[in-house]
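Understanding the architecture of this molecule
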Amino acid sequence: AQSVTQLDSQVPVFEEAPVELRCNYSSSVSVYLFWYVQYPNQGLQLLLKYLSGSTLVKGINGFEAEFNKSQTSFHLRKPSVHISDTAEYFCAHLIKAAGNKLTFGGGTRVLVKP
Amino acid sequence: GAGVSQSPSNKVTEKGKDVELRCDPISGHTALYWYRQSLGQGLEFLIYFQGNSAPDKSGLPSDRFSAERTGGSVSTLTIQRTQQEDSAVYLCASSAHNEQFFGPGTRLTVL
């Protein structure tokens, strides 16, 4: 069965410091990967997605992620965070053979400190 | 509006009551998904609609849960005889291709 693992449940980081959120997936087929952000009391907003092509994917708000097939990883990075980046981040894998439903990791809560 | 909308935003109910949660997808999106977000279980898939039919209901946790979609648009998730473990945020998403757009969710609290 496909699964998505986010290795860190919480990541505290100082403002203007870099951050990396780790994500590993288990499926070898139909590798479509996504990062979503959830601000308090809001729904999920897409940060970026990997469907095919270049393994380095750039998203909104200065985030980027790198797809690594050999390590089955899709880590999210931002070189300099802002207070407004405080949120929960979810990595997700799309299972194309099953109606495109998403399987989510457990989430990583990022707390940006001044 | 241009996005996915859900109503109500918050629902408090008593154990044993039935509840209906509504989702209005983005116009023209043929696929619609329901997910549940709870503290213990994270984000879980519940059901998927393509048009008005539901080819995948595998995530519905019990027969107390049902959903329908009419006119290829609005969907309603119904929970009968609610239990405290049903307390969660219920998220709806719609999709035209490989990207899913999420609504703000309905926070359900069962007392």
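Now for a look at the structure at hand. As the structure is a computational prediction, the values presented were derived from the model and not from experiment.

1. Details of the state of the cysteines
Formally, a disulfide is one covalent bond, and it connects the sulfur atom of one cysteine to the sulfur atom of another. Here the structure, examined in full by the defined rule, presents two disulfides over all chains. Between the sulfur of A:Cys23 and that of A:Cys91 lies a disulfide, 1.9 Å long from S to S. As the torsion about the S-S bond is roughly -70°, the A:Cys23-A:Cys91 disulfide counts as left-handed. Separated by 68 residues along the polypeptide, A:Cys23 in strand β4 (residues 23–25) and A:Cys91 in strand β10 (residues 87–95) bring together distant segments of the chain. Judged on exposure class, the residue A:Cys23 and its partner A:Cys91 are both buried. Each sulfur of the disulfide joining B:Cys23 and B:Cys92 lies 1.8 Å from the other. Residues B:Cys23 and B:Cys92 are joined by a disulfide whose S-S torsion is about -65°; by sign, that bridge is left-handed.

2. Let's talk about the sheet that holds strand β3 (residues 19–24) of chain B
All names here are of chain B. On the basis of which strands lie adjacent, the open sheet formed by four strands has the order β1-β3-β8-β7 and antiparallel pairing. Strands with a single pairing partner mark the edges of an open sheet, and in this sheet they are β1 (5–7) and β7 (65–69). Averaged over all pairs of adjacent strands, the angle between strand axes in this sheet comes to 15°, irrespective of strand direction. Relative to strand β8 (residues 75–79), β3 runs antiparallel, the two being bridged by five bridges. Each residue of the ladder has a partner; that of Cys23, found in β8, is Ser75.

3. Digging into the pattern of salt bridges
Throughout the structure, instances matching the rule amount to 11 salt bridges over all chains. Of the charged contacts, one joins A:Lys58 and A:Glu64 as a salt bridge, the two residues approaching to 2.8 Å between their closest N and O atoms. For A:Lys58, a relative accessible area of 61% gives the class exposed. What makes A:Glu64 partly exposed here is its relative accessible area of 21%. We note a salt bridge from B:Arg36 to B:Glu44, for which the minimum N-O separation is 3.4 Å. By relative accessible area, B:Arg36 is classed as buried at 10%. Salt bridges here are not isolated pairs; linked through shared partners, they connect A:Glu20, A:Glu66 and A:Arg77.

Thresholds applied
Residues numbered from 1 in each chain as written. Chains lettered and ligands numbered in written order. Predicted model: local features only at pLDDT ≥ 70, side-chain atom pairs only at ≥ 80, totals over all residues. Heavy atoms only, no water. Disulfide = S-S within 2.5 Å. Helix = DSSP H or I, 4+ residues; strand = E, 2+ residues; numbered from the N terminus. Buried < 20%, exposed > 50% of the residue type's maximum accessible area, 1.4 Å probe, protein only. Pairing = 2+ DSSP bridges. Axes fitted to C-alpha atoms, helices over the stretch in contact; angles between N-to-C directions. Salt bridge = Lys/Arg side-chain N within 4 Å of Asp/Glu carboxyl O.

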